[in-house]
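Below, each chain spelled out in residue letters.
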Amino acid sequence: MRRLAVLLALVPVLLLTAPAAPGPARFADNPIVYFAVTDRFFNGDPSNDNAYGRTREARPEDDVGTFHGGDLKGITAKLKEGWFRELGVNAIWITAPYEQIHGWVVGGNKAFKHYAYHGYYALDYTVLDKSMGTPDDLREMVDTAHAQGIRILFDVVMNHPGYLDLQTARELGLRVLWPGSEKATLANYHSFIDYNNFAFTDWWGRDWVRAGLPSYLDGGRDELTKQLAFLPDFRTESTAHVTLPKFLRDKPGTRARDLRDTTVRGYLVTWLTQWVREYGIDGFRADTVKHVEPAAWAELKTAATKALAEWKKANPDKKIDDEPFWMVGEDWGKGPQRDPLHDSGFDALINFDFQNAALRDAQPEKLYARYASLLSGRPGYNALSYLSSHDTENSSTASASPMAPPG
């Protein structure tokens, strides 16, 4: 997620440009992907609008970072209407639906309450966020899409979990808050967090993340180990075997369990690919790929490919075809050129150059000829070219203030 932007783009479309080939193109050669920020797409079930006590704000300028009610049932409703089929898309990329931090952090320059409606502040990778719906809702959405030949892609993040917000800290019983935190405002939010408290070890802990907190490692200065916007940075490069963080072990409703002889990377890969194995998720859009070592992405792709093959074998009447798992990566600012990341599990990388080039050139024949020369005859190398999204200039974004001590 570039600059931890608050995602205000509602429902942009993505296109993959690829050289023409005789006969129907395989999905891997020519996917047409629709990106839906699920919370901002369509409200199919108003009963989950205030999950975890999340609320909206009365003034529009205060409401930009809240949950707005969109959910998995909303996507299913539009699938059943034939809305996506009429657009001609063959995949829907949705924001990460797994459980996010429950409360809000400070958005902008103390300007608004910033909730995790965009899916980038994960709390528990093993269960659905209640604002998104239920397991049955997810299964119905995937099955409905597959029946129309439309694949489902999840946004996934292996670089970082979410901040520790005040509400989640209270609910998890983490003893790092000063009294009265339930009355915090945008102006005094950070004053209720005891950033020098060693009880932070009961959160993710030193073995799992770099966070610059008591007993934790500090974030590094290179792309792989730094903390983006002060978010805790998963130690996916570590070869040490770890057990579940205390908060997650004690968390009601989690499906997370200790895994024998497993690293941080191993847990994340297991958690993310379980969605594939259980529901038949067809692909991932991987966030901030340059901030995670390539070997981690390759391991995720291998495990997800195996998981999808297992799901298809168990559900032959629900699968679209026998195509393998598909994965696209986001490396902000990258163009359509081939990249070493293509050898680390990615079928495509996002082409951020397309939007400006397409708008600049009234006659795009030269642009498409250039893309054809780059892509043609190079199997395993493709570029997903943005028309619009939360990461591009023609969408509305606002900076998010990190969960970090002031000053």
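Scroll up for the structure.
Keep in mind it's a predicted model, so treat the numbers as computed, not measured.

The rules behind these values
- Residues numbered from 1 in each chain as written.
- Predicted model: local features only at pLDDT ≥ 70, side-chain atom pairs only at ≥ 80, totals over all residues.
- Heavy atoms only, no water.
- Buried < 20%, exposed > 50% of the residue type's maximum accessible area, 1.4 Å probe, protein only.
- Helix = DSSP H or I, 4+ residues; strand = E, 2+ residues; numbered from the N terminus.
- Pairing = 2+ DSSP bridges.
- Phe/Tyr/Trp six-rings, centres within 6.5 Å; stacked < 30°, edge-to-face > 60°.
- Axes fitted to C-alpha atoms, helices over the stretch in contact; angles between N-to-C directions.
- Parallel < 35°, antiparallel > 145°, perpendicular 65-115°, else oblique.
- Left-handed = near helix turned anticlockwise from the far one by under 90°.
- Contact = heavy atoms within 4.5 Å.
- Nonpolar A, V, L, I, M, F, W, Y, C, P; charged D, E, K, R; others polar.
- Polar contact = N/O pair within 3.5 Å; in protein donor to acceptor, adjacent residues only side chain to side chain.

S.K.: Sorry, what's going on with the pairing of strand S8 (residues 122–128) here?
M.R.: Where a strand is regular, its side chains alternate between the two sheet faces. For S8, the tally of buried residues reaches seven of seven residues, placing the bulk of the element in the interior. Two elements, strand S5 (residues 98–100) and S8, share three bridges in a ladder whose sense is antiparallel. The partner of Glu99 across the bridge, within S8, is Asp124.

S.K.: In this structure, what is going on with the packing of aromatic side chains? I would like to understand it.
M.R.: Two aromatic rings, taken as a pair, are described by how far apart their centres are and by the angle between their planes. Scanning the entire structure with this criterion turns up 33 aromatic pairs. Centroid distance Phe35 to Trp93: 3.9 Å. Interplanar angle 20°. Geometry classified as stacked. One end of the pair, Phe35, is in strand S3 (residues 32–36); the other, Trp93, is in strand S4 (residues 91–94), and 58 residues separate them in sequence. Exposure class is identical for Phe35 and Trp93. Each is buried. Ring centres 6.5 Å apart and planes at 50° place the aromatic pair Trp93 and Tyr386 in the tilted group. Of this pair, Trp93 sits in strand S4 while Tyr386 is found in strand S15 (residues 383–386), placing the two residues 293 residues apart along the sequence. The exposure classification of Trp93 matches that of Tyr386, with both residues buried. Grouping aromatic residues by their ring pairs yields a cluster made of Tyr98, Tyr125, Trp204, Trp208, Phe234, Phe247, Tyr267 and Trp271.

S.K.: Quick question: what am I supposed to make of the pairing of strand S9 (residues 151–156) here?
M.R.: Of all six residues making up S9, six are buried, and the element is well covered by its neighbours. The two faces of S9 match: Arg151, Leu153 and Asp155 on one face and Ile152, Phe154 and Val156 on the other face are all buried. One ladder, built from four bridges, connects S4 with S9; its direction is parallel. Within S9, the residue paired with Ala91 across the bridge is Arg151. Where S9 meets strand S12 (residues 283–286), four bridges bridge the pair, whose relative direction is parallel. In the sheet register, Asp155 faces S12, and the bridge partner there is Arg285.

S.K.: What should I look at first to understand the packing of helix H3 (residues 135–147) against helix H6 (residues 264–279) in this one?
M.R.: Closest axis-to-axis distance for the H3/H6 pair is 11 Å, and the angle between their directions is 65°. It follows from the interaxial angle that H3 and H6 lie roughly perpendicular. In the crossing of H3 with H6, the sense of the turn from one axis to the other is right-handed. Side by side, H3 and H6 meet where Pro135, Leu138, Arg139 and Val142 of the first sit next to Trp275, Glu278 and Tyr279 of the second. Taken together, the residues that form the contact of H3 with H6 break down as five nonpolar, no polar and two charged.

S.K.: Whenever I open this one, unusual backbone geometry confuses me. Can you help?
M.R.: Across the chain, the bulk of peptide bonds are trans and the bulk of non-glycine residues have phi less than zero. Positive phi is not limited to glycine here, since Tyr52 has a value of about 60°. Structurally, Tyr52 is set in the loop between S3 and helix H1 (72–81). For Thr288, which is not a glycine, the phi torsion comes out positive at approximately 45°. Along the polypeptide, Thr288 turns up in the loop between S12 and helix H7 (294–314).

S.K.: Help me understand the side chain of His146 in this model?
M.R.: Position of His146 among the secondary structure elements: in helix H3. Reaching out from His146, the side chain makes a polar contact with the side chain of Asp282 at a distance of 2.6 Å. With residues near it in sequence (within four places) discarded, His146 still touches Arg151, Gly280, Asp282, Trp311, Lys318 and Ile320.

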